[in-house]
Amino acid sequence: MDIIVMRPGATSKDLRNIVKKLEHKGFKATISKGTERTVIGVIGDTSKVTEEESSSFETMQGVEKIHRIIKPYKLASKDFKPEQTKIKIGKNIIGGKKLHIIAGPCAVENMSTFLKIAQEVKHAGATFIRGGAYKPRTSPYSFQGLGEKGLEFLAEASKITGLPVVTEIMDPRDIDVILKYADVIQIGARNMQNFRLLQEVGSYSKPIVLKRGLSATLKELLMAAEYIMAQGRNNKVILCERGIRTFETETRNTLDINAVPVLKKLTHLPVIVDPSHGTGKWNLVAPMAKAAIAAGADGLMIEVHTNPQEALSDGEQSLKPKKFKILMRELKAVAKAVGREM
Ligand code: PEP
Ligand code: MN
């Protein structure tokens, strides 16, 4: 709430009331009277002014609009930190010149399948493995994940391949067990606004992949990142565009490629794209993965399965290792064209 623009017909009493309210809140007002309208500049630390407080000014007599200069997400904004955030995980740096590809099945199903997939994606050039042990399924009768056993398999495969693991947390009560096994904690789309969960993961320094909610705006995504960062212990947040709900029915979701350059403009946090959930169809994964890299993403999350037909979840959007390998090769050229490395 840094600039208050008055309506053309605003009276000096309207102006006085606003100045009084600002001063009451500890701010100073500088008034600039133009030929047509008056503008009030608010001086002081406005970063703690809530949206509610800001709109309480907006509804005052004589006010036309309010321009907030400091965005509601402060720690996540470029106003606060202009330089790009680089997140170091093992020997990998996310947010630097090198792109990172997180690949693996939707869910960890058993040790041998998971290890086979992990080895295949590593061989193709993936730098992280993924797999869910706690799955957010639409139906309570669908496979819910192996729980801690799944985490053990992830950690075992990580030890064998040397790749760090990304896995989803669904419940703050699982934090200790997840911290024990995961290198990166994923907050899924369905939990993007689970504020207690965001605060919980914000209390530790473990890096986070924060997925965009199914119908969340980019501002809401950034506010969710702010929830994590506002705990004061964790600024290692990687934003993930994973498609949003639209009226289109040909695809599972509509992958919002706009999100990449928009987020890059608004935030210093790394941005990755998940074309698997973004499209829901394996044959759309490669073109959208390329589009994401071309648009400036810092990495990708891709679902891969050795036997998609038999996968316990998201088989229809999973690439077979062979297709994944071809895609990785093709992505190198796109990366190079936009000044990135793979
Ligand atoms: C997943 O990564 O398997 C997943 C459930 O993703 P999302 O939360 O984006 O749907
Ligand atoms: Mn999935």
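Described below are features of the structure shown in this document. Within each chain, residue numbers correspond to sequence positions counted from 1 in written order. Here chains are named by letter from A upward and ligands by number from 1 upward, in the order in which they appear as written. Thresholds applied to this predicted model are a pLDDT of at least 70 for local features of residues and 80 or more for the giving and counting of side-chain atom pairs; totals over whole chains, interfaces and linings are not thresholded and use all residues. To get the side-chain values, all heavy atoms of the structure are used, and hydrogens and water are removed first.

Here's the deal with the site of ligand 1
So the rule is basically this: Near residues are defined by distance, with any heavy atom within 4 Å of the molecule or strand qualifying the residue. By the criterion applied in these results, polar contacts are pairs of N or O atoms within 3.5 Å in which, for protein atoms, one can donate a hydrogen and the other can accept it, and in which residues neighboring in sequence qualify only through two side-chain atoms. Per-residue and other accessible areas were derived by the Shrake-Rupley procedure at a 1.4 Å probe size, with only the shown protein chains allowed to occlude residues. Basically, the charged four are Asp, Glu, Lys and Arg, the nonpolar ten are Ala, Val, Leu, Ile, Met, Phe, Trp, Tyr, Cys and Pro, and anything else, Gly included, counts as polar.
Lining the immediate environment of ligand 1, one finds 13 residues, of which Arg-130, Lys-135, Ala-189, Arg-190 and Arg-242 sit closest. Contact between ligand 1 and Lys-135: an oxygen atom at 2.9 Å from a side-chain N or O atom of the residue. Measuring from an oxygen atom of ligand 1, one finds a side-chain N or O atom of Lys-211 at 2.9 Å. Considered on its own, ligand 1 offers 290 Å² of accessible surface; in the complex 97% of this is hidden by protein. Of the residues contributing to the shell around ligand 1, the split by class is three nonpolar, three polar and seven charged.

A few points about helix 1 (residues 12-24)
Quick note on the threshold: A run of H or I in DSSP counts as a helix once it spans at least four residues, and a run of E counts as a strand once it spans at least two, with each numbered from the N terminus. A helix is expected to reach a length of 1.5 Å times the quantity of its residues less one. Summary of the burial criterion: residues with accessible area below 20% of their type's maximum are buried, those above 50% are exposed, and those between are partly exposed, where the area comes from a 1.4 Å probe applied to protein chains only. Arc, as used here, means the arc of the directions from the helix axis to the C-beta atoms. For this analysis, residues touch if any pair of their heavy atoms sits within 4.5 Å.
Helix length check: helix 1 (13 residues) gives 18 Å between terminal C-alpha atoms against 18 Å at 1.5 Å per residue, within 8%. Of all the positions in helix 1, only Asp-14, Leu-15, Ile-18, Val-19 and Leu-22 are classed as buried. Buried residues of helix 1 fall within an arc of 130 degrees about the axis and therefore sit on the same side. Turned more than 90 degrees off the buried face of helix 1, the exposed positions are Lys-13, Arg-16, Lys-20 and His-24. As for helix 1, its buried residues are in contact with strand 1 (3-6), strand 2 (28-33), strand 3 (38-43), helix 2 (51-58) and strand 4 (63-67).

Thoughts on the coordination of the manganese ion (ligand 2)
For clarity, the cut-off: Because water is not among the atoms used, a metal site may look incomplete, as its donors are only the N, O and S atoms within 2.8 Å, or 3.2 Å for Na, K and Ca.
Summarising the metal site, the manganese ion (ligand 2) is bound by the protein donors Cys-106 (SG), His-277 (NE2), Glu-303 (OE) and Asp-314 (OD), whose distances to it range over 2.0 to 2.4 Å. Mapped onto the sequence, the residues coordinating the manganese ion (ligand 2) show the spacing C-x170-H-x25-E-x10-D. Of this pair, His-277 sits in helix 9 (residues 275-279) while Asp-314 sits in the loop between strand 14 (299-303) and helix 11 (321-337); the two residues are 37 residues apart in sequence, bridging distant segments of the chain.

Looking at the nonpolar core
Spelled out, the test is: Put simply, buried Ala, Val, Leu, Ile, Met, Phe, Trp, Tyr and Cys residues joined by side-chain atoms within 4.5 Å make one nonpolar core.
Residues Leu-210, Leu-239, Leu-300, Ile-302 and Phe-324 are the most contacted members of the largest nonpolar core, which totals 68 residues. Examining the composition of this core, we find that seven residues originate from one element, helix 7 (residues 218-229), more than from any other. Ile-4, Ile-18, Val-42 and Ile-66 belong to the second largest nonpolar core, which has 13 residues in total.

By themselves, these figures tell us nothing about what the structure is for.
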